[in-house]
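A structural walkthrough
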Amino acid sequence: QVQLVESGGGLVQAGGSLRLSCAASGRTFSSYAMGWFRQAPGKDREFVATISGSGGMTYYTDSVKGRFSISRDNAKNTVYLQMNSLKPEDTAVYYCAAHRRVRLTTLPRDFGSWGQGTQVTVSS
């Protein structure tokens, strides 16, 4: 298991930008694929983006394609989510998560480690 701590959430106006960070413990960070999920009040946890251990492969949910970008710095044990052109419907608690499966996955049940979450609020 890897320990994950998110940061960078906050309140932003529609059309603005935020960059979330997720710092991981341990010396095997590059062996973990990473993902970002979000959960709005009264809704299920939703997949947002994922990145392979090397950073060479990424995948996004359709609603954020072209606006969000996931990246990682394995030397810093950190994964990022750059969020641009934010919309009120992006408001949620954002979680980072990690897994060591061979293939990328979008299913929460496949991720074995989770952070505590960071709140993102987009005002209209």
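For the structure given in this document, a descriptive report is provided here.

Scoring rules and cut-offs
Residues numbered from 1 in each chain as written. Predicted model: local features only at pLDDT ≥ 70, side-chain atom pairs only at ≥ 80, totals over all residues. Heavy atoms only, no water. Helix = DSSP H or I, 4+ residues; strand = E, 2+ residues; numbered from the N terminus. Rg over C-alpha atoms; globule rule 2.2 N^0.38 Å. Buried < 20%, exposed > 50% of the residue type's maximum accessible area, 1.4 Å probe, protein only. Areas by Shrake-Rupley, 256 points an atom, 1.4 Å probe, with all protein chains shown as cover. Lys, Arg positive; Asp, Glu negative; His and termini not counted. Charge placed at Lys NZ, Arg CZ, Asp CG, Glu CD. Core = buried A, V, L, I, M, F, W, Y, C linked by side-chain atoms within 4.5 Å. Pairing = 2+ DSSP bridges. Axes fitted to C-alpha atoms, helices over the stretch in contact; angles between N-to-C directions. Disulfide = S-S within 2.5 Å.

Focus on the overall build of the chain
A tally of regular secondary structure across the chain gives 0 helices and 11 strands. Along the chain, helices and strands appear, N-terminal first, in the series β-β-β-β-β-β-β-β-β-β-β. The C-alpha atoms of the chain give a radius of gyration of 13 Å, which matches the 14 Å a tight globule of 124 residues would have. Expressed along its principal axes, the backbone C-alpha trace of the chain runs to roughly 40 × 25 × 25 Å. Looking at the 124 residues of the chain, the share that counts as buried comes to 46%. Within the structure as shown, the chain displays about 6400 Å² of accessible surface, and the carbon and sulfur contribution to it stands at 47%. In the chain, 14 positive and 8 negative side-chain charges are present, and the distance between their average locations comes to 7 Å.

Considerations on the nonpolar core
Core analysis: the largest hydrophobic core is formed by 29 residues, its most contacted members being Met 34, Trp 36, Leu 81, Met 83 and Tyr 94. Secondary structure elements with two or more residues in this core: strand E3 (18–24), strand E4 (33–39), strand E5 (46–51), strand E7 (68–73), strand E8 (78–83), strand E9 (92–99) and strand E11 (118–123).

Examining the sheet that holds E8
The 4 strands lie next to each other as E1-E3-E8-E7, forming an open sheet whose pairing is antiparallel. In this open sheet, the two edge strands, each paired with only one partner strand, are strand E1 (4–7) and E7. Here the average twist between neighbouring strands, direction ignored, is 15°. Bridge count between E7 and E8: 6 bridges; the pairing is antiparallel. What sits directly across from Arg 72, in E8, is Val 79.

Section: the state of the cysteines
Between two cysteines, a covalent bond joining their sulfur atoms is known as a disulfide. The final tally for this structure, using the stated rule, is 1 disulfide. In this model Cys 22 forms its disulfide with Cys 96; the gap between the sulfur atoms is 1.9 Å. The sign of the 45° torsion about the S-S bond sets the Cys 22-Cys 96 disulfide as right-handed. Linking Cys 22 in strand E3 with Cys 96 in strand E9, this pair joins segments that are 74 residues apart in sequence. Judged by relative accessible area, Cys 22 falls into the buried class, the value being 0%.

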